[in-house]
Amino acid sequence: MPYSYEPHYFEDLEVGQTFESAGRTITESDFVFHSMFTGDWTELHTNAEYSDDGPFGARIAQGPMTFIVATGLFQRTGIVERTVVAFLGMNYMDIPNPVYIGDTISGEYEVATKRELESRDDAAYVEIDSTMTNQDGESVFEGDMKFLFKRRDAE
């Protein structure tokens with residue numbers, strides 16, 4: 001499946017439609033930048049000596065970093081470029097396996113729900129089921145993302 005798309009408006013999306021992102025390798029810089037940006041310097045993520053003896057045998061990405069990368073990979077599909085009005089949150093988020101430095105991850109996104117809103121005529125509700133996997137096919141993130149997508153006729 002290709003991973004480059006044109007922007008999609010509410011009318012362009014169909015329940016069951018899927019999109020796939022490009023892959024991305026997680027680096028040491030990702031870990032450091034995330035810790036610097038958030039102030040989360042927990043040793044499980046930043047101390048190699050401590051983490052080597054820990055439950056995962058190495059440093060792992062912070063859970064919020066895994067979520068942020070999932071949203072970034074969704075943006076890389078191109079379908080939300082200039083067509084999303086707002087990210088509204090999530091009903092659930094699971095991080096079933098850790099992300100390590102050197103993992104290459106990619107995402108698959110499926111339109112789960114879409115509906116008109118009585119309160120808006122310029123945008124409508126779309127819920128996207130998201131799964132991000134590593135190079136071994138293991139799921140490292142699952143969740144639904146809720147958006148307001150622009151309506152084509154509102155342009």
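A short tour of the structure in this document, coming up. (Residues numbered from 1 in each chain as written. Predicted model: local features only at pLDDT ≥ 70, side-chain atom pairs only at ≥ 80, totals over all residues. Heavy atoms only, no water.)

1. So, the side chain of Asp-30
To keep it simple, the criterion reads: Helix and strand definitions here come from DSSP, where helices need a minimum of 4 consecutive H or I residues and strands a minimum of 2 consecutive E residues; each element is numbered from the N-terminal end. Any pair of N or O atoms that falls within 3.5 Å is considered a polar contact. Within protein, one atom must be able to donate a hydrogen and the other to accept it, and sequence-neighbouring residues count only if both atoms are side-chain atoms. Here a residue-residue contact requires only that any non-hydrogen atoms of the pair lie within 4.5 Å.
Counting through the fold element by element, Asp-30 comes out in helix 1 (residues 28-38). Of note is the side chain of Asp-30, whose polar atom sits 2.8 Å from the backbone nitrogen of Thr-27. Residues contacting Asp-30, with those up to four places away along its chain left out, are Arg-24, Thr-25 and Met-65.

2. Quick word on the layout of surface pockets
Test applied: Residues are said to line a cavity or pocket when one of their atoms sits within 4 Å of a point; the points come from a 1 Å grid over protein atoms alone, cavities being sets where a 1.4 Å probe fits but cannot get out and pockets being open sets with protein on both sides within 12 Å along at least five of seven lines. Grid points are joined across faces, edges and corners, and a volume is the space filled by probe spheres set on the points. Ten residue types, Ala, Val, Leu, Ile, Met, Phe, Trp, Tyr, Cys and Pro, are classed as nonpolar, four, Asp, Glu, Lys and Arg, as charged, and the remainder, Gly among them, as polar.
By volume, the largest pocket is sized at about 250 Å³. For the largest pocket, the full set of lining residues is Arg-24, Asp-30, Phe-33, His-34, Phe-37, Met-65, Ile-68, Val-69, Gly-72, Leu-73 and Arg-76. Put simply, the parts of the chain that give the lining of the largest pocket at least two residues each are helix 1 and helix 4 (63-76). In terms of residues, the lining of the largest pocket owes the most to one element, helix 4, which gives six residues. A per-class count over the lining of the largest pocket returns six nonpolar, two polar and three charged.

3. A look at the pairing of strand 5 (residues 104-115)
Put simply, the test is: Strand pairing is assigned whenever DSSP detects at least two bridges linking the two strands.
The pairing of strand 1 (residues 18-20) with strand 5 spans three bridges and is classified as antiparallel. Bridge pairing in strand 5 places Glu-20 opposite Glu-108. Of the strand pairs in this sheet, strand 5 and strand 6 (residues 123-133) are connected by nine bridges, and their pairing is antiparallel. The residue bridging Arg-115 from the neighbouring strand is Tyr-125, located in strand 6.

4. Notes on the packing of helix 1 against helix 4
Where we set the bar: All axes are obtained by fitting lines to C-alpha atoms, using only the stretch in contact for helices, and the reported angles, taken between N-to-C directions, cover 0 to 180 degrees. Here is the rule for angles: anything less than 35 degrees is roughly parallel, anything more than 145 is roughly antiparallel, 65 through 115 is roughly perpendicular, and the remaining ranges are oblique. Handedness of a helix crossing follows the sense of rotation of the near helix relative to the far helix, less than a right angle counterclockwise being left-handed and clockwise being right-handed.
Direction vectors running N to C along helix 1 and helix 4 enclose 110 degrees, while the axes themselves pass 11 Å from each other. The orientation of helix 1 relative to helix 4 falls into the category roughly perpendicular. Taken as a pair, helix 1 and helix 4 cross one another with a handedness that is right-handed. Across the interface between the two elements, Asp-30, Phe-31 and His-34 from helix 1 touch Pro-64, Met-65 and Ile-68 from helix 4. In the contact of helix 1 with helix 4, the residues fall into four nonpolar, one polar and one charged.

5. Concerning the environment of Leu-44
Relative to the elements of secondary structure, Leu-44 occurs in helix 2 (residues 43-46). Once you skip the residues sitting within four places of it in the chain, Leu-44 turns out to touch Tyr-50, Ser-51, Pro-55, Phe-56, Ala-58, Arg-59 and Ile-60.

6. Quick word on the packing of aromatic side chains
Just so we agree on the cut-off: Within 6.5 Å between ring centres, the rings of Phe, Tyr and Trp (the latter by its six-membered ring) count as paired, and their orientation is classed by plane angle as stacked under 30 degrees, edge-to-face over 60, tilted in between. The classification of residues rests on relative accessible area computed with a 1.4 Å probe and restricted to protein chains. Under 20% of the type maximum is buried, over 50% is exposed, and intermediate values are partly exposed.
On inspection of all chains with the given rule, the structure shows seven aromatic pairs. A centroid spacing of 6.2 Å and a plane angle of 45 degrees characterise the contact between Phe-67 and Phe-87, whose relative ring orientation is tilted. Of the two residues, Phe-67 is situated in helix 4 and Phe-87 in strand 3 (residues 84-89); the sequence distance between them amounts to 20 residues. Judged by its relative accessible area of 39%, Phe-87 falls in the partly exposed class. Note on Phe-74 and Phe-147: the rings are 5.4 Å apart at their centroids and 35 degrees apart in plane angle, and the pair reads as tilted. One end of the pair, Phe-74, is in helix 4; the other, Phe-147, is in strand 7 (residues 139-150), and 73 residues separate them in sequence. Taken individually, Phe-74 and Phe-147 each receive the classification buried, so the pair is uniform in this respect. One aromatic cluster is present, formed by Phe-67, Phe-74, Phe-87, Tyr-109, Phe-141, Phe-147 and Phe-149 through successive ring pairs.

7. Overview of unusual backbone geometry
It is generally the case that most residues other than glycine have a negative phi and that most peptide bonds are trans. Of note in the backbone geometry, Arg-82 takes a positive phi value of approximately 65 degrees without being a glycine. Tracing the backbone through its elements, the reader meets Arg-82 in the loop between helix 4 and strand 3.

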